Amino acid sequence: MNQEVAQKTKEESSPTPLGMVVVCLVYIALGKLGLSFAEVNPSASAIWIPTAVSLASFLIFGVRIWPAIFIGAFLVNFTTTGIIWTSVLISLGNTLEGFVGAYLVNKFAGGRKALNHTHDFYRFLILGVLISTMVSATIGVSTLVFGGLASWENYGQIWITWWLGDATGALIFTPVILFWAASRKLKLSFKKILESWALVGAVFVVTWVILHNSLSFSYFIIPLLVWLVLRFDPREVSGYIAFFSVITALNVNAGTGPFLNYDQNASLLFAQTFIGVISLSILPLSVFLHEQKLAKWKRDQLAFIVESSNNAVISRTLEGKITYWNKAAENLYGYSAKEAIGQDTYIITPKEKWQELNQITENIKEGIRIESLETTRLHKDGSYRDVIVTSSPIIDDEENIVGVSTITSDITEQKKLQRAALQERIKSEEKLRSNFLAQAAHEFRTPLAIIKGNIDLTPEEAKKNSKLNGVFDSINEEVNRLSDLITNLLTVTRKKEVKYRKLDLIAKFDKSEPKEGEELVK
């Protein structure tokens, strides 16, 4: 899934020619700035922000950005060594560094959204910061040695400097680029702007105190870090860390501050490591707190939606105890939330539906969702409600099923309308049938009357004819039988609605027949 999201993001953010030029120029500018801090070798610096530019560019724009990174790295290295083939190999290592880091982060850490979640942040740290930077350090230092630009005796020192410079650059500056690329708008109130400037001033003061004394004063920064994490989002936090890193590096380069050690390179590594530890301490915490804020906001939104829903929403434990009861549930069942929460679900379930309820619980325990079950439930006043119920499992953070969430729609009125419509349809069909039978009876009676009339008009001499002996009698008998049947059929179709009324059976004990339109009832 992370690959699909990352691929979609890359397709939507394909670099334009102008964008590639800008990335290339930024890489060159930051590369030359980084090499100005180089001590152990002209091509290896303890501060290397271009790694962050490369990694962030591959995450944002995808693999198509590689020409901008490669050309920028080549120009930085060629203007430093003046050797084409070594510059090509070192530039290849710089490009592969960003590509490998972005590939691993896309595959295992959520892509450009890796810094939005705490668990992804640490994957980003391991894959995008610590592992991928080894590619550039190994290719770069090996090229310097084989190109005669460094000795084997200094391989380890140069490699450590190269790797730590790239790693701290990626750790401190990649979050700044990714956060600001995701959201460039500043939505700060006037009070928030004043607070931001106050924090900037405090950072200057504390930084001056630390850099002009000793590391024993470094604990002064702790209140600022707490203030920063609690009051600002990860985007602003990453910006302040980068700002503090730049100030520290400039002071070390100027030969001031508590990070000065045996030589400038070691001092720069010491300072960047200090800032890296700060970043590792507060940035994940800031991300975590931001996650919690977003989660709370989502929960509040969901709670509002559920509470204002027209459907009754109820949650209960697997043992049947009600734990949530929204306003619609109060309207449907007649119990207030205070009355219902803590009670057993049986209070709203008819006894004949208890087995059904238990079966739903067993299915939920197996992770089976029950959708659109048409059943009945019980109101507080004892009346029944026709409902449609959808039940889903409630799952905790450890993927355990801990309860049942039920959404119930009241279809009582709909069922009444359906029954009324059914009765109306039955009446209509009965009327059509009666009309048809009446019409049929009339149609059959007419020819029978003609047949009977003709028989009655037949001379007696013809009826006594030996060849027709009994024929006319048989025809007449069948005509009379059919006529009786048709008369009965007409009687059925004309049957009036029976009106019932109470009769005094004792007074009628004389077995007198009821009057027309009356029937005896108990």
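Residues numbered from 1 in each chain as written. Predicted model: local features only at pLDDT ≥ 70, side-chain atom pairs only at ≥ 80, totals over all residues. Heavy atoms only, no water.

## Some thoughts on the overall build of the chain
Point 1. A count of helical and extended segments in the chain gives 17 helices and five strands.
Point 2. Going through the 522 residues of the chain one by one, you find that 41% of them count as buried.
Point 3. For the chain, the proportion of contacts with a sequence separation of at least 24, taken over those separated by at least 6, is 60%.
Point 4. Accessible surface for the chain amounts to roughly 30,200 Å². Of this, 62% is attributable to carbon and sulfur atoms. (Helix = DSSP H or I, 4+ residues; strand = E, 2+ residues; numbered from the N terminus. Buried < 20%, exposed > 50% of the residue type's maximum accessible area, 1.4 Å probe, protein only. Contact = heavy atoms within 4.5 Å. Areas by Shrake-Rupley, 256 points an atom, 1.4 Å probe, with all protein chains shown as cover.)

## Quick notes on the confidence of the model for the chain
Point 1. Mean pLDDT for the chain: 83, with 84% of residues reaching 70 or above.
Point 2. Low pLDDT, under 50, characterises residues 515–522; the predicted model gives this stretch 12 contacts beyond four residues in sequence or across chains. (pLDDT = per-residue confidence, 0-100.)

## Let's talk about the pattern of salt bridges
Point 1. Counted under the stated rule, the structure contains 13 salt bridges.
Point 2. Here D120 ties to R123 by a salt bridge, and the two come within 3.5 Å at their closest N and O atoms. Placement of both D120 and R123 in helix α6 (residues 118–146) is noted, with a separation of three residues, approximately one turn of the helix.
Point 3. Residue D120 is classed as buried on the basis of its relative accessible area, which comes to 7%.
Point 4. Each of K353, E356 and R377 takes part in salt bridges that share partners, so that together they form one network. (Salt bridge = Lys/Arg side-chain N within 4 Å of Asp/Glu carboxyl O.)

## Some thoughts on the packing of helix α3 (residues 50–61) against helix α7 (residues 155–182)
Point 1. Following both chains from N to C, one finds α3 and α7 inclined at 45 degrees, their axes separated by 7 Å at the closest point. Between α3 and α7, the interaxial angle falls into the category oblique. Taken as a pair, α3 and α7 cross one another with a handedness that is right-handed. Within the contact between the two elements, α3 uses T51, A52, V53, L55, A56, L59 and I60 and α7 uses D166, G169, A170, F173, T174, I177, L178 and A181.
Point 2. Split into classes, the residues belonging to the contact of α3 with α7 amount to 11 nonpolar, three polar and one charged. (Axes fitted to C-alpha atoms, helices over the stretch in contact; angles between N-to-C directions. Parallel < 35°, antiparallel > 145°, perpendicular 65-115°, else oblique. Left-handed = near helix turned anticlockwise from the far one by under 90°. Nonpolar A, V, L, I, M, F, W, Y, C, P; charged D, E, K, R; others polar.)

## What to know about the environment of T118
Point 1. When you line up the elements, T118 lands in helix α6.
Point 2. Classification of T118 as buried rests on a relative accessible area of 18%.
Point 3. Sequence spacing of T118 and L283 is 165 residues, and the spatial spacing of their C-alpha atoms is 9.3 Å.
Point 4. When near neighbours in sequence (up to four residues on either side) are disregarded, T118 contacts P284, V287, F288 and E291.

## A closer look at the packing of helix α2 (residues 17–35) against helix α4 (residues 66–81)
Point 1. Axis separation between α2 and α4 bottoms out at 8 Å; the angle between their running directions is 30 degrees. Read as a crossing pair, α2 and α4 show a hand that is right-handed. Contact residues: M20, V23, C24, Y27, I28, G31, K32 and L35 in α2; P67, A68, I69, I71, G72, A73, L75, V76, T79 and T80 in α4.
Point 2. Here the contact of α2 with α4 is built from residues that sort into 13 nonpolar, four polar and one charged.

## What about the side chain of T168?
Point 1. With respect to the helices, strands and loops of the structure, T168 is situated in helix α7.
Point 2. By relative accessible area, T168 is classed as buried at 9%.
Point 3. From its side chain, T168 meets the backbone oxygen of G165 in a polar contact 3.3 Å long.
Point 4. Sequence-distant contacts of T168, defined by excluding residues within four places in its chain, comprise A46 and Q272. (Polar contact = N/O pair within 3.5 Å; in protein donor to acceptor, adjacent residues only side chain to side chain.)

## Description of the pairing of strand β5 (residues 401–410)
Along any regular strand, the residues point their side chains to alternate faces of the sheet.
Point 1. Note: strand β1 (residues 312–317) against β5, six bridges, orientation antiparallel. Across the sheet, the residue bridging to A312 is T408, located in β5.
Point 2. In this structure, strand β4 (residues 384–395) lies alongside β5, joined through nine bridges in antiparallel fashion. In the strand pairing of β5, V387 is matched with D410. (Pairing = 2+ DSSP bridges.)

## Points about the pairing of strand β3 (residues 370–378)
Point 1. Relative to β4, β3 runs antiparallel, the two sharing seven bridges. By the bridge assignment, L373 is partnered in β4 with V389.
Point 2. Remark: five residues form the turn of the hairpin made by β3 and β4, two consecutive strands paired antiparallel; G382 in that turn has positive phi of roughly 95 degrees.

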